[in-house]
Amino acid sequence: MDPVRDNDSESHDTPSASVSNGVNYTGRSHERYELWRAPLETRTQRVLAALRAASLTGRERLMRSRSVQILEHLSERVRSFSPGDRALFYLFATLIGIASISGLYALEQSLLKEVPAYGGSLVEGEVGSPQFINPLLAISDADRDLSTLVYAGLMGLSGDGSLVPVLAESYTLSPDGKTYTFVLRKDVQFIDGSPVTAQDVVFTVRKAQDSGLKSPEFANWSGVSVIADDARTVRFTLAKPYAPFLGLTTLGILPSRLWQNISNEEFPFSNLETNPIGAGPFKVVDISRDASGLIKSVSLAENPHYALGRPYLDSLRFDFYSRTEDLVAAVRSGAVESAYDVGVKGSLTAPYARVFGVFFNPSEKQVYARAEVRKALSLALDRQHIVATVLGGYATAIMGPVPPGENVKQTPVPQLPDPTTAAAKVLQSAGWSYDGTARVWKNAGAKQTLDRIIIRTSNVPELKNVASAVKNDWEQLGIPVDIELYEPGDLSQNVIRPRKYEALLYGMVIGRDQDLYAFWDSQERNDPGLNIALYANKTVDSLLEDARSTGDQSARAADLQKIEDAVAADYPAAFIYAPDFTYAVPSDLRGVVLPQIITPADRFATVASWYRSTDSVWPFFARR
């Protein structure tokens, strides 16, 4: 068939021959002739375009007809109004339009959900200066803060104080309570993109166990066997069950490929100390120093490879100060946005797992071996006054060794109208009498005296002020008191370790699992033990051993309650307070949840979830 032939005509040899019913179609026939000469694709496009145009034209004509009729009718009605009525009509129409738009907007906003968004930064201030950004060598709060942010452990701390897997995917505990087996997450990696393996875990733990490194973690890991079963599986074996062990696995993991050839002597001086490669939520991107070489500022950026997901904040910056007064001024001026222990109004608070008191040493002064003397000195202290005036209300008065905040009922603090009189009655009922001229309490039957007391403590503002308050209360009882202050390192080395004190104002840092063994077991009375009251009680020894070996949480809580009651009844120390941890943060920083604080670095338990930016999305788009 001829492609240019018209099927409705018998012959169309030329365009000019097209005549029908006396009407000349020469022009249209020419257009048709040109159309059919075009390629098939072009012909199809032209036909479709013509059909769309015809359809659209018809639809528009119909809509225009309807809309014009409605508008004309409305226009006629409005024109029939008086000028005043027309003005009212237009006013009400405008108000209805505005109300409709506002209502729709309010409805949309009520249905949308505000969710955290990526972006924003935070400037944190701190007293001190970091030296080792390394979980095996961290010795200061600044070291521990940065190590917590840059490194990650098998387990990590959650906002409610429980432990959750971080680098680990899961773990199992053997029936005998001595073997823990961890499986690492798939594809978990350090900030440089290299994989975290079981061998990295083994290396880190064995390095902590290396006595030549002198790591602060040495005592925690001594006696623990660790092996890698495969690239993702690591197994720990203990000599005997130890319920608090899981908390040790929050230790940050080092990349063995970078550290394995560095000797113990070179370890503290490696450039990896200040350019660390970890698997934590943030990474170090810049460090600035002063003229003496001290670190004055550390800038961190989010780690997109973090096992629990990229943090919302883009960056953190730490500015370090040499004095608390300078830090407080920086917070108040706005140069620093967040800081802990600065006492700014509106600060977040959390219980500190610490107990402070005056610990008596009967080996240094025999009179403290008498229970009535210890009890009288304890009752003479006005704890509520100390908490309110010296500590600004940021503490809890206590009478026992277990810090508040867990499943232990605190020993009640006596509500005494006159603590001095109550203390004097305790001494008098035990055969003591007071010599006002000599300012001494005497017990003729025991041939003992309670005279001048020397309190030794650390030269830090809080403890100096508390010591002054204790001095005032005991002098109300008629006993002269002297205060001797020591720098923290000197106090530890030359006073506490050799037990050279009769009354020591000090604080015990209790672990998250409240293992009190090192502080109150009779075998820990000598250095390096931490039983600074030289306390000995066989019943308590047995309870301490049971509490640390059982995995039954209710049984542990029952043991701790008995320990609290027994120790409090013996008055080995005049327990005074458990401090609150205070943390000043900007009002627009959200997602901050503080668990019970063991060390200040615990404030970063939920740092990956902190945010300052938000988005509004439909509920089904919200991240779950």
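You'll find the structure just up there.
The structure presented is a predicted model; accordingly, all values stated were derived computationally and were not measured. (Residues numbered from 1 in each chain as written. Predicted model: local features only at pLDDT ≥ 70, side-chain atom pairs only at ≥ 80, totals over all residues. Heavy atoms only, no water.)

Notes on the pairing of strand S9 (residues 225-230)
Here's step 1: Note: S9 against strand S10 (residues 233-237), five bridges, orientation antiparallel. Note that in S10 the partner of alanine 228 across the bridge is valine 234.
Here's step 2: Remark: two residues form the turn of the hairpin made by S9 and S10, two consecutive strands paired antiparallel. (Pairing = 2+ DSSP bridges. Helix = DSSP H or I, 4+ residues; strand = E, 2+ residues; numbered from the N terminus.)

So, the nonpolar core
Across soluble globular proteins, nonpolar side chains have a tendency to be buried as a group.
Here's step 1: Residues Phe182, Trp221, Val234, Phe236, Leu300 and Trp610 are the most contacted members of the largest nonpolar core, which totals 71 residues.
Here's step 2: Among the elements that make up this core, the one with the highest residue count is helix H5 (residues 198-208) (six residues).
Here's step 3: Sequence-distant contacts of tryptophan 221, defined by excluding residues within four places in its chain, comprise Val205, Ala208, Gln209, Phe236, Phe245, Leu248, Thr249 and Leu251.
Here's step 4: Listed in part, the 42 residues of the second largest apolar core include Phe356, Val358, Ala376 and Ala467. (Core = buried A, V, L, I, M, F, W, Y, C linked by side-chain atoms within 4.5 Å. Buried < 20%, exposed > 50% of the residue type's maximum accessible area, 1.4 Å probe, protein only. Contact = heavy atoms within 4.5 Å.)

What to know about the packing of helix H16 (residues 538-549) against helix H17 (residues 553-570)
Here's step 1: Running from N to C, H16 and H17 point in directions that differ by 155°, and their axes come no closer than 9 Å. Here H16 is positioned roughly antiparallel relative to H17, judged by the angle of their axes. Remark: the crossing between H16 and H17 carries left-handed chirality. Contacts between H16 and H17 pair Val540, Leu543, Leu544, Asp546 and Ala547 from the former with Arg556, Asp559, Lys562, Ile563, Ala566 and Val567 from the latter.
Here's step 2: In terms of residue class, the contact of H16 with H17 is built from seven nonpolar, no polar and four charged. (Axes fitted to C-alpha atoms, helices over the stretch in contact; angles between N-to-C directions. Parallel < 35°, antiparallel > 145°, perpendicular 65-115°, else oblique. Left-handed = near helix turned anticlockwise from the far one by under 90°. Nonpolar A, V, L, I, M, F, W, Y, C, P; charged D, E, K, R; others polar.)

As for a nonpolar patch on the surface
Here's step 1: Where nonpolar side chains cluster on the molecular surface, the patch consists of Leu88, Leu91, Phe92, Leu95 and Ile96 and spans about 490 Å² of accessible area.
Here's step 2: Mapped onto the fold, phenylalanine 92 is located in helix H3 (residues 83-111). (Patch = residues over 30% accessible without salt bridge, like charges linked within 9 Å, V, L, I, M, F, W, Y side chains within 5 Å. Areas by Shrake-Rupley, 256 points an atom, 1.4 Å probe, with all protein chains shown as cover. Salt bridge = Lys/Arg side-chain N within 4 Å of Asp/Glu carboxyl O.)

Structural notes on the pairing of strand S4 (residues 121-127)
Here's step 1: Among the seven residues of S4, five are classified as buried, and the element is accordingly described as predominantly covered.
Here's step 2: One ladder, built from seven bridges, connects S4 with strand S13 (residues 315-321); its direction is parallel. Looking at the pairing, glycine 125 lines up with aspartate 319 of S13.

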